[in-house]
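What follows is the residue order along each chain.
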Amino acid sequence: MQLRTDAQAPAEHSVEIVARCARQAEQAAPSLATASGEALDAALDAMAELLNTSASKVLAANSADIAAAERSGMTQALVDRLRLSEARLADMAGQLALLARVPHPPRDRVLEDRPDGLRLIERRRPIGVVGATFEARPNVTVDVASQLVKSRNAGVLRTGAAALRSALALRDEVIAPALAGAGLDPGAVQLVPDPRRDSALALVQQPDLIPLVIVRGSGETTRRLATEGARHGVRVLAHADGGGVLYVDTAADPALAVELLVAGLDRLGVCNRVNLLLLAGTVPDQVREALLDAARECGVTLSLPPHEHPLGHEWALDTGREATLTVSRVDGPAHAAQLANQETSGLAATIVTDDEAAAQEFLDGYAGTGAFWNASTRLLDGFKLRRVPETGINVDRVPGPRGPVTFADLYLRQFVIIPMS
């Protein structure tokens, strides 16, 4: 599969390119839907092995992506998200091997033996073809592909132009041969070779071919794609805004508060890093200064009151200002939870305290996706939280998959009635 650059923009429309990929995935989908669990897991194990044996080809493609990104002036935070290394490939391989060991959910679950002599069964069925568009992070290509394979769904993947060489190498050198080696159709996982942004729009405009699309990326882009999907009748699982909240209560252990702040600032370009530091008004000045000094030692710029921006402004997506942390005082746990609900995306919030009553007040008041007590917001990640890779983190406030979306969430529920035996 060849990379099509903007300079070589094909006459073929993005909708046609995406549709062709979707039809190829649709043709291959039965190969996964009817496969044994052993065959699916064998494909995942093969991906893990190929990440090691094909590392030189994958890293060469990634080096080309990195060089192009640096020439374009991409910030170092975004370059870090783009970069692969032998260590990162080894981590990806380890996650795949662990995913292969995770038991497959049973296809059928008996809900009721009814008084009329009939049995009601809930059956899990594959969706068929699932789309996914995500930011320029090559590892996400493997994360999403592995979740689709494990869930018996075919897929059409689309990534940012900056990571397309790396993603193509992962698809052609790792994912496709692993599927073929396990006796599955390698066409089940397609990667859109078109770097134009119109291909992302095309992904959410074709409900007959791609009924569900997982959308990750910047908040503005993600919201636009979710709106476009709704217009066309495509269900969108959107991972839009992020930003974690760390609230330090009066009864916090100062050393633990510093530890959790530093842990939440280890990578500034990710959605679940600490974005907003809230301090109880009664936290001593020396504790406050220790926290601020720790943030500065992490290379972070502090945004202190009075703020000229919304309190929950997500710095990870603010080019040139990614290394920023907003700091504010609050009245207590309830006030902290209220601000986290009103001012942030609702991704994750932590309270640091030794006071159980304060912790419960905060946890009961915070309505976001992940609520933590004396734990890092960085735990709101598929592998860290649920021990399997994720396709994205859904922060919708409606019924359906919420939080890290994994293979176990990618299915259709069917009700089946049979006579009781």
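These figures come from a predicted structure and were not determined experimentally. (Residues numbered from 1 in each chain as written. Predicted model: local features only at pLDDT ≥ 70, side-chain atom pairs only at ≥ 80, totals over all residues. Heavy atoms only, no water.)

Another aspect to go through is the sheet that holds strand β5 (residues 189-191). As summarised here, the arrangement of the five strands in space is β5-β4-β3-β6-β7, forming an open sheet in which the pairing is parallel. Since the sheet does not close on itself, it has two edges, and those belong to β5 and β7 (235-239), each with one partner. In this sheet, adjacent strand axes meet at a mean angle of 15° when their direction is disregarded. With six bridges joining them, strand β3 (residues 129-134) and strand β4 (residues 154-159) adopt parallel strand pairing. The residue of β4 that forms the bridge with Val129 is Ala154. (Pairing = 2+ DSSP bridges. Helix = DSSP H or I, 4+ residues; strand = E, 2+ residues; numbered from the N terminus. Axes fitted to C-alpha atoms, helices over the stretch in contact; angles between N-to-C directions.)

The next point concerns empty space enclosed by the protein. Going through the model one piece at a time under the given rule, you end up with two cavities of 30 Å³ or more. Computed from the structure, the largest cavity encloses a volume of approximately 120 Å³. Contributing to the lining of the largest cavity are 13 residues, with Arg81, Glu135, Gly217, His239 and Cys271 lying nearest its centre. Its volume calculated, the second largest cavity comes out at about 30 Å³. Around the second largest cavity, the lining residues are Ile214, Val215, Leu237, Ala238, His239, Thr391, Gly392, Ile393, Asn394 and Val405. Those elements giving two or more residues to the lining of the second largest cavity turn out to be β6 (212-216), β7 and β14 (392-394). A breakdown of the residues in the lining of the second largest cavity according to their chemical character gives six nonpolar, four polar and no charged. (1 Å grid on protein atoms, 1.4 Å probe; cavity = no way out; pocket = protein on both sides within 12 Å on 5 of 7 lines; lining within 4 Å. Points joined across faces, edges and corners; volume = space filled by probe spheres on them. Nonpolar A, V, L, I, M, F, W, Y, C, P; charged D, E, K, R; others polar.)

By volume, the second largest pocket amounts to about 640 Å³. Lining the second largest pocket are 27 residues, and of these Gln95, Arg137, Asn139, Arg267 and Asp381 lie nearest its centre. Of all the secondary structure elements, the ones that give two or more residues to the lining of the second largest pocket are α4 (76-82), α5 (86-101), α6 (138-150) and α14 (382-386). Of the residues contributing to the lining of the second largest pocket, the split by class is 10 nonpolar, four polar and 13 charged.

Moving on, we come to a negative patch on the surface. Among the surface-exposed residues, Asp253, Glu259, Asp354, Asp355 and Glu356 lie close enough to one another that they form a single negatively charged patch. Position of Asp355 relative to the elements: it lies in the loop between β12 (348-352) and α13 (356-365). (Patch = residues over 30% accessible without salt bridge, like charges linked within 9 Å, V, L, I, M, F, W, Y side chains within 5 Å. Areas by Shrake-Rupley, 256 points an atom, 1.4 Å probe, with all protein chains shown as cover. Salt bridge = Lys/Arg side-chain N within 4 Å of Asp/Glu carboxyl O. Lys, Arg positive; Asp, Glu negative; His and termini not counted. Charge placed at Lys NZ, Arg CZ, Asp CG, Glu CD.)

Below, the discussion takes up the sheet that holds β12. Remark on secondary structure: sheet strands pair via backbone hydrogen bonds, oriented parallel or antiparallel. Across the sheet, six strands lie side by side as β10-β11-β9-β8-β12-β13; this open sheet has parallel pairing. Of all the strands in the sheet, the pair left with one neighbour each is β10 (301-303) and β13 (370-373). Adjacent strand axes in the sheet meet at a mean angle of 20° when their direction is disregarded. In this sheet, β13 lies alongside β12 in parallel orientation, the contact comprising four bridges. Pairing of Thr350 across the sheet is with Phe372, part of β13.

This paragraph deals with the pattern of salt bridges. By the definition in use, this model includes 22 salt bridges. We note a salt bridge from Glu173 to Lys57, for which the minimum N-O separation is 3.7 Å. One end of the pair, Glu173, is in helix α7 (residues 164-181); the other, Lys57, is in helix α3 (residues 55-71), and 116 residues separate them in sequence. Note that Arg88 and Asp80 form a salt bridge whose closest N and O atoms lie 2.9 Å from each other. What makes Arg88 partly exposed here is its relative accessible area of 27%. Taken together, the shared-partner salt bridges in this structure form one network comprising Asp80, Arg88 and Arg267. (Buried < 20%, exposed > 50% of the residue type's maximum accessible area, 1.4 Å probe, protein only.)

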